[in-house]
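Structural features, examined
Chain residues, written in single-letter form:
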Amino acid sequence: QERSTVRLLHLVPGVQAAMRWVERDLDSAMVSFARVLSDPQALEPADEHYVRLWRAITLLGLGKPQSAFRDLLLALDFFRHLYPPAHALLAFNVGATLLHAGDWEGAESCIRIALAESGRVGMPGFETMCRSNLAYCLIKNGRVDEATGEIDMGLARDRGGPASVPRLRSLGEIGVCW
C-alpha cells in the first residue's frame, strides 16, 4: 500500500509534464520530467521507461536529438523482453525518428525490427507502414530493387488481409513518415 502511494505521488509530476507537453510548454515539461526521474527507485520499471519516452519526444521537440536517443534506446532495450508489442511500435517510432534525421542505416535497422515483430502489434496496416518506410530507407541507400520488392510485398499483403480493412489501390496511398 505504501509503495503504491509513493509511486503515485512520483507519477503526478509526470502527468503534469504530459499536460505541459500538450500545451507545448516544453521547458516546463522537462522540469517536471526531471522531478519524476529524480528518484527512479520510487517507480515501477515500466513507469520510468514510459516517462523516458515522453521526455525523449520532448527533447526532440527542443532540438536535442542526442539526449532524446539515449532515452529512446534505453526504452527500446527495456521493452524488447517485457512488452514485445510495445517494442515493435517503439522500434518503428525510433526508425521513423532516425529517418527524419537522415540516418538511413539506423532507420532501416529499427524498421526491420518493427517489421519482424509486426505480427505482435495487432494493428491493421502496421506491416504495410513498416514496409513503406523501409522502402524509403532503401531508396535513400540506392537499393531501389529491394525497395520495389518491399512495396510490392506491402501491397500484396495489404490486399490479402481481412475484408473489413480498407485496401490500398495504389502506391500513392501508402503513408510514409517522411
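Look up: the structure comes first, before these words.
Presented here is an overview of the structure given in this document. Just so it is clear, the structure is predicted and the values come from calculations on it, not from any experiment.

Looking at the packing of helix H3 (residues 45-61) against helix H4 (residues 65-82)
- At a minimum axis distance of 8 Å, the contact between H3 and H4 shows a crossing angle of 150 degrees. As summarised for this structure, H3 and H4 are arranged roughly antiparallel, according to the angle between their axes. The element H3 and its partner H4 pack so that their crossing is left-handed. Counted together, Pro45, Ala46, His49, Tyr50, Arg52, Leu53, Arg55, Ala56, Leu59 and Leu60 of H3 and Pro65, Ser67, Ala68, Asp71, Leu72, Leu74, Ala75, Phe78 and Phe79 of H4 form the full contact between these two elements.

Some points on the packing of aromatic side chains
- Per the counting criterion, the structure on display carries seven aromatic pairs.
- With 5.0 Å between their ring centres and 85 degrees between their planes, Trp21 and Trp54 make a pair best called edge-to-face. Here the residue Trp21 occupies a position in helix H1 (residues 2-22), and Trp54 occupies one in helix H3, the gap between them amounting to 33 residues.
- Centroid distance Phe92 to Phe126: 5.7 Å. Interplanar angle 65 degrees. Geometry classified as edge-to-face.

Here's the deal with the packing of helix H6 (residues 104-116) against helix H7 (residues 126-140)
- Orientation of H6 relative to H7, taken along the N-to-C sense of each, is 155 degrees, at an axis distance of 9 Å. The orientation of H6 with respect to H7, classified from their angle, is roughly antiparallel. Both H6 and H7 take part in a crossing whose hand is left-handed. Residues Trp104, Ala107, Glu108, Ile111, Arg112, Ala114 and Leu115 of H6 touch H7, and the partners they reach there are Phe126, Glu127, Cys130, Arg131, Asn133, Leu134, Tyr136, Cys137, Leu138 and Lys140.
- Across the contact of H6 with H7, the residue classes tally to 11 nonpolar, one polar and five charged.

Points about unusual backbone geometry
- Phi at Arg24 takes a positive value of approximately 65 degrees, unusual for a residue other than glycine.
- Locating Arg24 in the fold gives a position in the loop between H1 and helix H2 (26-37).
- Using a relative accessible area of 58% as the deciding quantity, one classes Arg24 as exposed.

Points about helix H5 (residues 84-101)
- Between the first and last C-alpha of H5 there are 25 Å, a value that for 18 residues agrees with the 26 Å anticipated at 1.5 Å per step.
- Within the span of H5, buried status applies to His87, Ala88, Leu90, Ala91, Phe92, Val94, Gly95, Ala96, Thr97, Leu98 and Leu99.
- Just downstream of H5 lies Gly102, where phi reads positive at about 85 degrees.

Description of the side chain of Glu150
- Tracing the sequence through the fold places Glu150 in helix H8 (residues 144-159).
- Residue Glu150 is classed as buried on the basis of its relative accessible area of 13%.
- If we ignore the near neighbours within four places in the chain, the residues touching Glu150 are Arg112, Leu115, Arg131, Leu134, Ala135 and Leu138.

Looking at the pattern of salt bridges
- This structure, assessed with the given rule, holds 10 salt bridges.
- For Arg131, the salt bridge goes to Glu150, with nearest N and O atoms at 2.5 Å. Here Arg131, found in helix H7, pairs with Glu150, found in helix H8; they are 19 residues apart in sequence, far enough to count as distant.
- Because the salt bridges share partners, they merge into one network encompassing Glu48, Arg52, Arg55 and Asp71.

Focus on H6
- Taking 1.5 Å as the rise per residue, H6 with 13 residues should run 18 Å; its terminal C-alpha atoms sit 18 Å apart, in good agreement.
- Of the residues making up H6, those classed as buried are Trp104, Gly106, Ala107, Glu108, Cys110, Ile111, Ala114 and Leu115.
- The inward-facing, buried residues of H6 contact H5, H7 and H8.

Definitions and limits used
- Residues numbered from 1 in each chain as written.
- Predicted model: local features only at pLDDT ≥ 70, side-chain atom pairs only at ≥ 80, totals over all residues.
- Heavy atoms only, no water.
- Axes fitted to C-alpha atoms, helices over the stretch in contact; angles between N-to-C directions.
- Helix = DSSP H or I, 4+ residues; strand = E, 2+ residues; numbered from the N terminus.
- Parallel < 35°, antiparallel > 145°, perpendicular 65-115°, else oblique.
- Left-handed = near helix turned anticlockwise from the far one by under 90°.
- Contact = heavy atoms within 4.5 Å.
- Phe/Tyr/Trp six-rings, centres within 6.5 Å; stacked < 30°, edge-to-face > 60°.
- Nonpolar A, V, L, I, M, F, W, Y, C, P; charged D, E, K, R; others polar.
- Buried < 20%, exposed > 50% of the residue type's maximum accessible area, 1.4 Å probe, protein only.
- Expected span 1.5 Å × (residues − 1).
- Salt bridge = Lys/Arg side-chain N within 4 Å of Asp/Glu carboxyl O.

Just distances and angles here, no functional claims.
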